[in-house]
Amino acid sequence: MINRQRLLETFLDYVRIDSESTHEGAMADRLAVDLEAIGCRVERDNSQAQTGSETGNLFCTLPATGPGQPLLLCAHMDTVTPGVGVEPVIEEGVIRSKGDTVLGGDDKSGVVAIVEAMRTVVEQNLPHPELQAVFTVCEEIGLKGSRHMDYSLLAGKRAVVLDSSGDAGKIITSAPGQYKLNATVVGRRAHAGVAPEEGISAIQVLAHAIANMKLLRIDEETTANIGSVCAQYATNIVPERAQIQAEARSRSDEKLEAQGKHMMDCLEQACQKFGATLEGGLSRSYTAYSYREDDPFVLAVSQACRRAGLTPSLAASGGGSDANNLNAHGVQALVLGTGMTKVHTTQEEITVKNLEDTAALALALMTE
Ligand SMILES: [Zn+2]
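Predicted model only: the values in this text are computed from it and were never measured. (Residues numbered from 1 in each chain as written. Predicted model: local features only at pLDDT ≥ 70, side-chain atom pairs only at ≥ 80, totals over all residues. Heavy atoms only, no water.)

Focus: the coordination of the zinc ion
Consideration 1: For the zinc ion, the protein coordination sphere consists of H76 (NE2), D106 (OD) and D163 (OD), at 2.0 to 2.2 Å.
Consideration 2: In the primary structure, the donors to the zinc ion are separated according to the pattern H-x29-D-x56-D. A residue pair is termed long-range when its members are at least 10 positions apart, and H76 in strand β3 (residues 71-76) and D106 in helix α4 (residues 105-123) qualify at 30 residues. Each member of the pair, H76 together with D106, is buried. (Donors = N, O, S within 2.8 Å, 3.2 Å for Na, K, Ca; no water. Helix = DSSP H or I, 4+ residues; strand = E, 2+ residues; numbered from the N terminus. Buried < 20%, exposed > 50% of the residue type's maximum accessible area, 1.4 Å probe, protein only.)

Considering the pairing of strand β14 (residues 241-250)
Consideration 1: Sheet analysis places strand β9 (residues 177-186) next to β14, joined by 10 bridges and oriented antiparallel. Counted as the bridge partner of Q178 is R249 from β14.
Consideration 2: Alignment of strand β12 (residues 222-230) against β14, held across eight bridges, turns out to be antiparallel. Of the residues in β14, the one forming a bridge with C230 is Q243. (Pairing = 2+ DSSP bridges.)

Some words on helix α7 (residues 253-274)
Consideration 1: In this model α7 runs 32 Å from its N-terminal to its C-terminal C-alpha over 22 residues, within 8% of the 32 Å that 1.5 Å per residue would give.
Consideration 2: Within α7 the residues assigned to the buried category are L256, Q259, G260, H262, M263, M264, C266, L267, A270 and C271.
Consideration 3: Contact partners of the buried residues in α7: β9, α6 (202-211), β11 (216-219), β12, β14 and β15 (277-286).
Consideration 4: In this structure S252 caps α7, since a side-chain oxygen of it lies 3.3 Å from the backbone nitrogen of E254.
Consideration 5: Backbone geometry just downstream of α7 places G275 in the positive-phi region, at approximately 80°. (Expected span 1.5 Å × (residues − 1). Contact = heavy atoms within 4.5 Å. Polar contact = N/O pair within 3.5 Å; in protein donor to acceptor, adjacent residues only side chain to side chain.)

A word on the domain arrangement of the protein chain
Consideration 1: Taken domain by domain, the protein chain holds domain 1 (4-175 + 288-366) and domain 2 (177-286).
Consideration 2: With centres defined by C-alpha atoms, the gap from domain 1 to domain 2 works out at 38 Å.
Consideration 3: Taken together, the contact pairs 11 residues of domain 1 with seven residues of domain 2.
Consideration 4: Where domain 1 abuts domain 2, roughly 640 Å² becomes buried across the two surfaces, and 51% of that area is made up of carbon and sulfur atoms.
Consideration 5: Linking domain 1 to domain 2 there are zero salt bridges.
Consideration 6: Counting every contact that joins domain 1 to domain 2 gives one residue pair in polar contact (both at pLDDT 80 or more).
Consideration 7: Broken down by secondary-structure element, the contributors of at least two residues to the side of domain 1 that touches domain 2 are β8 (170-175) and α9 (322-328). (Domains from an automatic or database assignment. Buried area = accessible area lost by both parts, 1.4 Å probe. Salt bridge = Lys/Arg side-chain N within 4 Å of Asp/Glu carboxyl O.)

Have a look at this one:
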């Protein structure tokens, strides 16, 4: 059994530690102290240069005391803004901020569940396989921590990422991949009144490309959208540059590839037709993943839910998380609900019951 009082107090402590993205240093230091105190080997990677964070990702490993495959338990240390000076308030079993900041239960509900479960296995001498807590930085600003993680520091090939809305017991078995498209059409500047035939209008080229693009709902698992088109010139100048920012998502990697290529083809063909050139292009934000309902890892996590007194429910996600990057690096990773709701708003909240259920689930997973 977990220690509910300690769990709640630790959660309230953690949300009071400022840790907006890139400013995770104090949070990482506190976690290093808390987990060294129970005998974890604590390491950090050197991802700061790529992420811009004050610290690397944090890895806290407990050696095995029993049989079984190593298990990674992941949560991110950073919060969105406004996340400085969080003052948690508990009312009738629900925890919120005072109202001027987020609560930061996204993702400290996941962080604290892992810490409490690890404290419990050590304290009660429960046999467990090798366990590793992986606390990432900069998740909220494009999964940067897990993207630039030193994967050689990981202790195993199976991971749960405690970082989803939905009550404890929710298991995310699939999530889309995403492409970002950031490109600039480069035409030729000319005086629009005196010598327009000497110009190539980047706006006209881009408009032609966009008119040929399949966008929005592509199929059941694929979407695409243009978020911004930028070019601003005086009307007497044939515009030289026009920028487009867009994205494509799909739960199928093949379809994502196809949609990304289609959007690039439209741009390249339009450039060719008008004699313009293209700068920039596609970059992959994250890769899709999907597990069958009868995948052994999905079954094992579902079993752990039942042992923790929870009803497992499988779901698909519409967005990315650290699990996308873990899966792309050959680690089987599922995302679990922690009960956080209204995340990324100052009304964010979580019930004490969900904190307890998530910690109980983490414990059940560790002592499988
Ligand atoms: Zn999160």
